[in-house]
Amino acid sequence: MRFMMLMIPKVYQPGVAEGENPGFAPDPESVKRMMEYNERLARAGALIALDGLRPPADAARVSFREGKTTVTDGPYAEAKEVLGGYWVIQVKSREEAIEWARQCPAGDGDVIEVRQIFDIEDMPPETQAAGKSEIVARAGAGHRKGSVG
């Protein structure tokens, strides 16, 4: 089973001045602890992918409404939670994914949301047929059998 662990750091939330700075970078000690955690995930054979995301001040949102798109530059005062990074892991169960999230050296006020990734095989046959794409598979949209999204 594949899961995405979404890091929602306190420092990226609206009103936290430090994270609203486009030049923000985490402190070296936090990075060191996180790399040790990432190495444990990799050694356990659970890690598929991971990345940290730059602050919302560097972001842009593309919104869709009534057939039109609108682009809004960050930061976003109306946002309640802002994604700061993610891990994609392969584990045997939801409980194991949660246990990995519990072991993360997250800071006070940080949150990790654990969500299972949709695999095409979990869907009805007609949905599976609609979700097949050789081009997407070749482009690396997964080294797995198939995913949706």
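Residue positions are counted from 1 within each chain, in the order its sequence is given. The model is predicted, so local features are restricted to residues of pLDDT at least 70 and side-chain atom pairs to those at 80 or more, both for listing and for counting; the totals for chains, interfaces and linings are taken over all residues. Side-chain metrics in this entry use all non-hydrogen atoms of the structure; hydrogen atoms and water are not considered.

## Focus on the overall build of the protein
Turning to step 1, where the next piece is worked out: Helices and strands together make up the secondary structure of the protein, namely five helices and six strands.
Turning to step 2, where the next piece is worked out: Strands are runs of DSSP state E lasting at least two residues, helices are runs of H or I lasting at least four, and both sets are numbered from the N terminus onward. For the protein, the sequential pattern of α-helices and β-strands runs β-α-α-β-β-β-β-α-β-α-α.
Turning to step 3, where the next piece is worked out: Per-residue burial for the protein yields a buried fraction of 27% across its 149 residues. Think of it in three bands: residues with accessible area under 20% of the maximum for their type are buried, residues over 50% are exposed, and the middle band is partly exposed, with areas taken using a 1.4 Å probe on protein chains only.

## Let's talk about unusual backbone geometry
Turning to step 1, where the next piece is worked out: Notably, Glu-66 is not glycine yet its phi reads approximately 50°, a positive angle.
Turning to step 2, where the next piece is worked out: Mapped onto the secondary structure, Glu-66 falls in the loop between strand 3 (60–65) and strand 4 (68–73).

## Concerning the nonpolar core
Turning to step 1, where the next piece is worked out: Within the largest apolar cluster, 14 residues are counted, with the highest numbers of intra-cluster contacts made by Met-5, Leu-41, Trp-87, Ile-89 and Trp-100.
Turning to step 2, where the next piece is worked out: Looking at this core, the elements that each hand over two or more residues are strand 1 (2–8), helix 2 (28–43), strand 5 (85–90) and helix 3 (94–102). Among buried residues, the Ala, Val, Leu, Ile, Met, Phe, Trp, Tyr and Cys ones that are joined through side-chain atoms within 4.5 Å form a nonpolar core.

## Concerning a nonpolar patch on the surface
Turning to step 1, where the next piece is worked out: Grouping into patches uses exposed residues only, defined as over 30% relative accessible area, and leaves out salt-bridged ones; the cut-off is 9 Å for like charges and 5 Å for nonpolar side chains (Val, Leu, Ile, Met, Phe, Trp, Tyr). Working definition of accessibility: Shrake-Rupley area with a 1.4 Å probe, residue cover restricted to the visible protein chains. Salt-bridge detection follows one rule: a side-chain nitrogen of Lys or Arg within 4 Å of a carboxyl oxygen of Asp or Glu. A surface patch of nonpolar side chains, amounting to about 340 Å² of accessible area, comprises Val-62, Phe-64 and Val-71.
Turning to step 2, where the next piece is worked out: Structurally, Val-71 can be placed in strand 4.
Turning to step 3, where the next piece is worked out: What makes Val-71 exposed here is its relative accessible area of 57%.

## Considering the environment of Asn-21
Turning to step 1, where the next piece is worked out: Relative to the assigned elements, Asn-21 resides in the loop between helix 1 (17–20) and helix 2.
Turning to step 2, where the next piece is worked out: Between the alpha carbons of Asn-21 and Ala-57 there is a distance of 6.6 Å; along the sequence they are 36 residues apart.

## Side note on the side chain of Asp-119
Turning to step 1, where the next piece is worked out: Mapped onto the elements of the fold, Asp-119 is located in the loop between strand 6 (111–116) and helix 4 (125–130).
Turning to step 2, where the next piece is worked out: As used in this structure description, the phrase polar contact means that two N or O atoms lie within 3.5 Å; if the pair is within protein, one of them must be able to donate a hydrogen and the other to accept it, and residues adjacent in sequence are counted only when both atoms belong to side chains. A distance of 2.4 Å separates polar atoms of two side chains, one belonging to Asp-119 and the other to Arg-2.

## What about the pattern of salt bridges?
Between side chains of opposite charge, a pair can form when the charged atoms approach closely.
Turning to step 1, where the next piece is worked out: What the rule picks out here adds up to four salt bridges.
Turning to step 2, where the next piece is worked out: Residues Arg-102 and Glu-99 are paired through a salt bridge, measuring 3.7 Å at the closest nitrogen-oxygen approach. Placement of both Arg-102 and Glu-99 in helix 3 is noted, with a separation of three residues, approximately one turn of the helix.

## Some remarks on helix 3
Turning to step 1, where the next piece is worked out: Taken together, the buried positions of helix 3 are Ala-97, Trp-100 and Ala-101. For helix 3, the buried positions fall inside an angular range of 100° around the axis, keeping them on one side. For helix 3, exposure combined with an orientation more than 90 degrees from the buried face picks out Glu-95 and Arg-102. To obtain the arc, one takes the directions from the helix axis to the C-beta atoms.

## Comments concerning a negative patch on the surface
Turning to step 1, where the next piece is worked out: We score Asp and Glu as negative and Lys and Arg as positive, and we do not count His or the chain ends. Working definition for charges: the position is that of NZ of Lys, CZ of Arg, CG of Asp or CD of Glu. Together, Glu-18, Asp-27, Glu-29, Glu-36 and Glu-39 give the surface a local cluster of negative charge.
Turning to step 2, where the next piece is worked out: Per-element tally for the negative patch: the top contributor is helix 2, with three residues.
Turning to step 3, where the next piece is worked out: Tracing the backbone shows Glu-39 in helix 2.

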